[in-house]
Amino acid sequence: MTERLNPSLDIRFQDFEEAAVRVLQIMAEFIHVNTLFIARNDGKTNRMVKVLNKSEKLVKEGDERPFPEAYCSLSVEHGEQVLVIPDLKQHKETKNMDVTEKLGGGTFIAIPINYKDGKNYGTICGLDTEKQTFTEKQMKMFETMSALLSYVLELDYTNKQLFTISAPVVKVAKGIAILPVVGDIDEQRAESIIEKALFKSRELELERLIVDLSGILHINHTVVASLLKISTVLKLVGVDCTVTGLRPDLAMKAVQMNADLKEMVFEKDLEKALQKIGFKLK
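Conventions used here
Residues numbered from 1 in each chain as written. Predicted model: local features only at pLDDT ≥ 70, side-chain atom pairs only at ≥ 80, totals over all residues. Heavy atoms only, no water. 1 Å grid on protein atoms, 1.4 Å probe; cavity = no way out; pocket = protein on both sides within 12 Å on 5 of 7 lines; lining within 4 Å. Points joined across faces, edges and corners; volume = space filled by probe spheres on them. Helix = DSSP H or I, 4+ residues; strand = E, 2+ residues; numbered from the N terminus. Nonpolar A, V, L, I, M, F, W, Y, C, P; charged D, E, K, R; others polar. Salt bridge = Lys/Arg side-chain N within 4 Å of Asp/Glu carboxyl O. Buried < 20%, exposed > 50% of the residue type's maximum accessible area, 1.4 Å probe, protein only. Pairing = 2+ DSSP bridges. Axes fitted to C-alpha atoms, helices over the stretch in contact; angles between N-to-C directions. Contact = heavy atoms within 4.5 Å.

S.K.: I tried to follow the layout of surface pockets on my own but got confused; where do I start?
M.R.: Empty space within the second largest pocket amounts to approximately 310 Å³. Lining the second largest pocket we find 17 residues, and of these Met-48, Leu-58, Val-59, Arg-65 and Val-99 sit closest to its centre. Looking at the lining of the second largest pocket, the elements with two or more residues in it are strand E2 (45-53), strand E3 (64-66), helix H2 (71-78) and helix H3 (98-103). Broken down by element, the lining of the second largest pocket gets its largest block of residues, three residues, from H3. Its residues placed into classes, the lining of the second largest pocket shows ten nonpolar, one polar and six charged.

Laid out in structure tokens, this is it:
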């Protein structure tokens, strides 16, 4: 009989953690072990990031163990292939481990999740107190899901880099900086920009931050709400905020949304904003 993924399963996700949950849910339909989990390691500690227990609670989300004392370390040492330990009490590497004594034996299956450069993030694992066997197709699923999560890790990293590159805080004089915002803004990116504006304002001891929107592609409720939030948050820490580069078409949309922008200071462009506070561009 050919096993197929249920077409009704929604496999869209926003970030690595959401992807990890969906991956475990999908695998649980085809991998017949009690517990599936994704663990992260930093070389010293192995931490359970996401856990799915079917019946018996063998693993708990957030649990930590020294990395050398975890089964996951054996998977990382094994390389990029699926590691299967059919009998934990008989295997030379696991029979004397504390975790085996607690479980009373069973089966372990795992494969590493690596970054693109080969550095290890952690592992995706299956665990059962009973002896289990796995088909070639089930082991292939471990390989596929590991590759998928590796890809999501890279996307997460790239997105974080884009947040940094597309919204840098540039200091132009003592107490004054510019925050150019480029591209589209969604809710997640808006929060990132607000946090950066606040953090950099404190770090650079700013008195004024000019937020330039000339690189914004379109405006929506998220953008408007974020502008209001940036201005309000900065005021609370004693930083004046000026917004520049709002194109006429975007300004019209903001008005049509009935956005209350009375408390905000707007200037046509960066040159006007800088001139107003005493700078002359040559």
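S.K.: Explanation requested: the pattern of salt bridges in the structure shown.
M.R.: Note that side chains of opposite charge can pair when their charged atoms are close. Under the counting rule described, the total for this entry stands at eight salt bridges. Across the pair Arg-47 and Glu-64 runs a salt bridge, and its minimum N-O distance is 3.6 Å. Here Arg-47, found in strand E2, pairs with Glu-64, found in strand E3; they are 17 residues apart in sequence, far enough to count as distant. When its relative accessible area of 38% is taken as the criterion, Arg-47 is described as partly exposed. Between Glu-61 and Lys-50 there is a salt bridge whose closest N-O contact spans 3.7 Å. In this pair, Glu-61 is assigned in the loop between E2 and E3 and Lys-50 in strand E2, connecting sequence segments eleven residues apart. By relative accessible area, Lys-50 is classed as buried at 14%. Members of the salt-bridge network, linked through shared partners, are Glu-17, Lys-50 and Glu-61.

S.K.: In this structure, what is going on with the sheet that holds E3? I would like to understand it.
M.R.: To summarise the sheet geometry, strands pair through backbone hydrogen bonds and adopt either a parallel or an antiparallel arrangement. Read across the open sheet, the six strands follow the order E3-E2-E1-E6-E5-E4; overall the sheet is antiparallel. Each edge of the open sheet carries a strand with a single partner, namely E3 and strand E4 (83-85). Ignoring strand direction, the axes of neighbouring strands in this sheet form an average angle of 25°. Direction of pairing for E4 relative to strand E5 (residues 107-114): antiparallel, over a ladder of three bridges. Along E5, the bridge assignment pairs Val-84 with Ile-109. With respect to the sheet, helix H1 (residues 16-28) is in contact with strand E1 (35-41), E2 and strand E6 (120-128), its orientation differing from that of E2 by roughly 50°.

This is a description of form; function is not addressed.
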